[in-house]
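Overview (structure and organization)
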Amino acid sequence: MMDDTIAAVATAHGIGSISIIRLSGEKSLDIALQLSHKTNFSVRYASLSPLYNQDNELIDEAIVIYFKGPNSFTAEDIVEFQCHGGKIVAEQVLNTVLAFGARLAEPGEFSKRAFLNGRIDLTEAEAIAALIEAKSEDAAKILAKQMKGELKGYIETIRDDLLNILAYSEVTIDYAEEDLPQDLIDQILQRLNTLSLQLSDTLQASQSRAGLMQGFKVAIIGKPNVGKSSLLNVLLHYKRAIVSDIAGTTRDTIEEEVKIGTHLIRMVDTAGIREANDEIERIGIQRSIEAIQASDIVIALFDNSREYDEEDEKILSLIKEHKVEKSFIILVNKMDLESKFDNSKIMDYSPIELSCKDNARELIQALSSIMDTKNVSDEMMLISVRQVNAVKQALQEIHEAKIPLEEQELEIFSFHMNMAIKDISSITRPFEHSEMLDKMFGNFCLGK
Ligand SMILES: Nc1nc2c(ncn2[C@@H]2O[C@H](COP(=O)(O)OP(=O)(O)OP(=O)(O)O)[C@@H](O)[C@H]2O)c(=O)[nH]1
Ligand SMILES: [Mg+2]
């Protein structure tokens, strides 16, 4: 399959000033020569050239760049055609290279070849894919470093440590006539504990900053009529949600993407929470609770112009219930109206007072600072579920290796250590891989 020469349009579909068509594989240069009616292309040189289809009709004049393998992204011969933008030209060039013997690439197939040919490891491939979809400048910075091998280096150091511990104990096991001396066991245990701690820290840092990678999700909750939809509209700068003075206006969950500071976040407007007496309302309440569970940050609204009541009480109990695992921002809205609200109930949560009809400046600041503090530290972070699961499994194996070590069952100890090494290695370079690779690279963009 790697003998095939693959082709794809690498730029986004639609109108743009340039479209790039990419070829990778043995026949790349040949195909490019056929399209251009030329006899050669200099390596890594941008040549302006006409392109003709298989009927010798002119399609476009394009910049052609030839990267000779192994000095290319895939380590194979690559040719890139930079054509004039628009779907038609790109499709014609693509159809012609297919007619000349290339095959349409699968999504992610260029990156997969780069991996299979040893140009990049899996963490670098995942960073490339994620960088394309990065939701914030901070995420992009982390991913750019991973693309350059930062996570790979970290994982390889851990794997080396595990290998050293295993090698050390195995040498000793081979020479020991009797049981391993206790001080040696203690020493190995200590090294394993240090590694476990390091991995757990990385795992925790990654999970607490998951929003940074996937994009933060922010839910707006509050009793009916407090101004949740009004707030959403202010943040979006347009009237997305229907706003009215009738309680229960929003019945369905509304979700929109908005840029706050340097972050692209998803805002979720929910139906007001109240004791339900009709079926639709009850579904609405359920949705608010689900929205809280699915979000990273929750904005809870209270109404300055009304008295604190049972419905507010319900919101407060939800805040108490989830305050450990979610970040909350508490707002008292409608400050332009006469105050009837008893602030003392929510004083513990340092509420922000505002009138969201006017502006939401303070809220935007609070949101930004929550999102920004999630990445002040420079800890290593895992960026995919695949990586997180591998680390979890490795931690489990390390844990299970300790018990037989203490009991001098050294073969079982070695077994779990080997499993841990295998789990850690799978993050950068899995042992048996084809199915997993298909799944992973299948999520990539076409042409990447
Ligand atoms: N005076 C004043 N009125 C506001 C303010 N914010 C919202 N309102 C009004 O309050 C009413 C309810 O606003 P919505 O945004 O529909 O409230 P909601 O929380 O989405 O209500 P439900 O969807 O019914 O749960 C509307 O008439 C708004 O114009 C504010 O800051 N000051
Ligand atoms: Mg609403």
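These numbers come from a predicted model, not from an experiment. (Residues numbered from 1 in each chain as written. Chains lettered and ligands numbered in written order. Predicted model: local features only at pLDDT ≥ 70, side-chain atom pairs only at ≥ 80, totals over all residues. Heavy atoms only, no water.)

Examining the pairing of strand 3 (residues 47-52)
Operational definition: Whether a residue is buried, partly exposed or exposed follows from its accessible area with a 1.4 Å probe, protein chains only, as a fraction of its type maximum: under 20%, in between, or over 50%, in that order. Going along the chain from the N terminus, every DSSP run of H or I of four or more residues is numbered as a helix, and every run of E of two or more is numbered as a strand. Note on pairing: two strands pair once DSSP finds at least 2 bridges between them.
The alternating pattern of strand 3 places Ser47, Ser49 and Leu51 on a buried face, while none of Leu48, Pro50 and Tyr52, on the opposite face, is buried. Bridge count between strand 3 and strand 4 (residues 58-67): six bridges; the pairing is antiparallel. Following the sheet pairing, Leu48 is matched in strand 4 by Ile63. The turn linking strand 3 back onto strand 4 is made up of five residues, and Asn56 within it adopts a positive phi angle of 60°.

Focus on the coordination of the magnesium ion (ligand 2)
The expected angle between donors at a tetrahedral four-coordinate metal is 109.5 degrees. At an octahedral six-coordinate metal it is 90 or 180 degrees. Cut-off, in case you're wondering: Coordination here is defined by N, O and S atoms within 2.8 Å of the metal (3.2 Å for Na, K and Ca), and since water is not considered, a site can look incomplete.
Surrounding the magnesium ion (ligand 2) are the protein donor atoms Ser229 (OG) and Thr250 (OG1), at 1.9 to 2.1 Å. Of this pair, Ser229 sits in helix 9 (residues 228-236) while Thr250 is found in the loop between helix 9 and strand 8 (254-260), placing the two residues 21 residues apart along the sequence.

Describing the confidence of the model for the protein chain
So the rule is basically this: The pLDDT score gives, residue by residue, the confidence of the prediction method on a 0 to 100 scale.
In this model, the protein chain carries a mean pLDDT of 88, and residues with pLDDT of at least 70 account for 93%. Mean pLDDT across the secondary structure elements of the protein chain bottoms out at helix 15 (residues 434-441), with 71, and peaks at helix 1 (residues 28-36), with 98.

Here we look at helix 11 (residues 310-322)
Note the cut-off: A helix is expected to span 1.5 Å multiplied by its residue count minus one. Directions drawn from the helix axis to the C-beta atoms are what define this arc. Polar contacts, as used here, are pairs of N or O atoms within 3.5 Å; protein pairs need one atom able to donate a hydrogen and one able to accept it. Residues neighboring in sequence count only if both atoms are side-chain atoms.
With 13 residues, helix 11 extends 19 Å from end C-alpha to end C-alpha; this agrees with the ideal 18 Å at 1.5 Å per step. For helix 11, the full list of buried residues reads Asp312, Ile315, Leu316, Leu318, Ile319 and His322. Here the buried residues of helix 11 occupy an arc of 155° about the axis, which is enough to place them on one side. In helix 11, those exposed residues whose orientation departs by more than 90 degrees from the buried face are Glu310 and Glu321. Regarding helix 11, its N-cap is Asp309, as a side-chain oxygen of that residue lies 3.1 Å from the backbone nitrogen of Glu311 further along.

Some words on the site of ligand 1
Here is the rule: The rule for a residue being near a molecule or strand is that one of its heavy atoms must lie within 4 Å of it. The method behind every accessible area is Shrake-Rupley, applied with a 1.4 Å probe, and residues are considered shielded solely by the protein chains displayed. A cavity, in this analysis, means grid points on a 1 Å lattice covering only the protein atoms where a 1.4 Å probe fits yet has no way out; a pocket is instead an open set bounded by protein on both sides within 12 Å along at least five of seven lines, and a residue lines either one if it has an atom within 4 Å of a point. Grid points define the cavity or pocket, and a molecule sits in it when more than half of its atoms lie within 2 Å of them. For this classification, Asp, Glu, Lys and Arg are treated as charged, while Ala, Val, Leu, Ile, Met, Phe, Trp, Tyr, Cys and Pro are nonpolar and the rest, including Gly, are polar.
The full set close to ligand 1 counts 23 residues, and Lys228, Ser230, Gly248, Thr249 and Thr250 are the nearest of them. Take Asp336: an N or O atom from its side chain is 2.8 Å from a nitrogen atom of ligand 1. Out of a free accessible area of 650 Å², ligand 1 has 92% covered by protein chains. Under a 2 Å grid-point criterion requiring more than half of the atoms, the pocket assigned to ligand 1 is the second largest pocket. It is helix 9 that provides the largest number of residues to the shell around ligand 1, a total of three residues. By residue class, the composition of the shell around ligand 1 is seven nonpolar, eleven polar and five charged.

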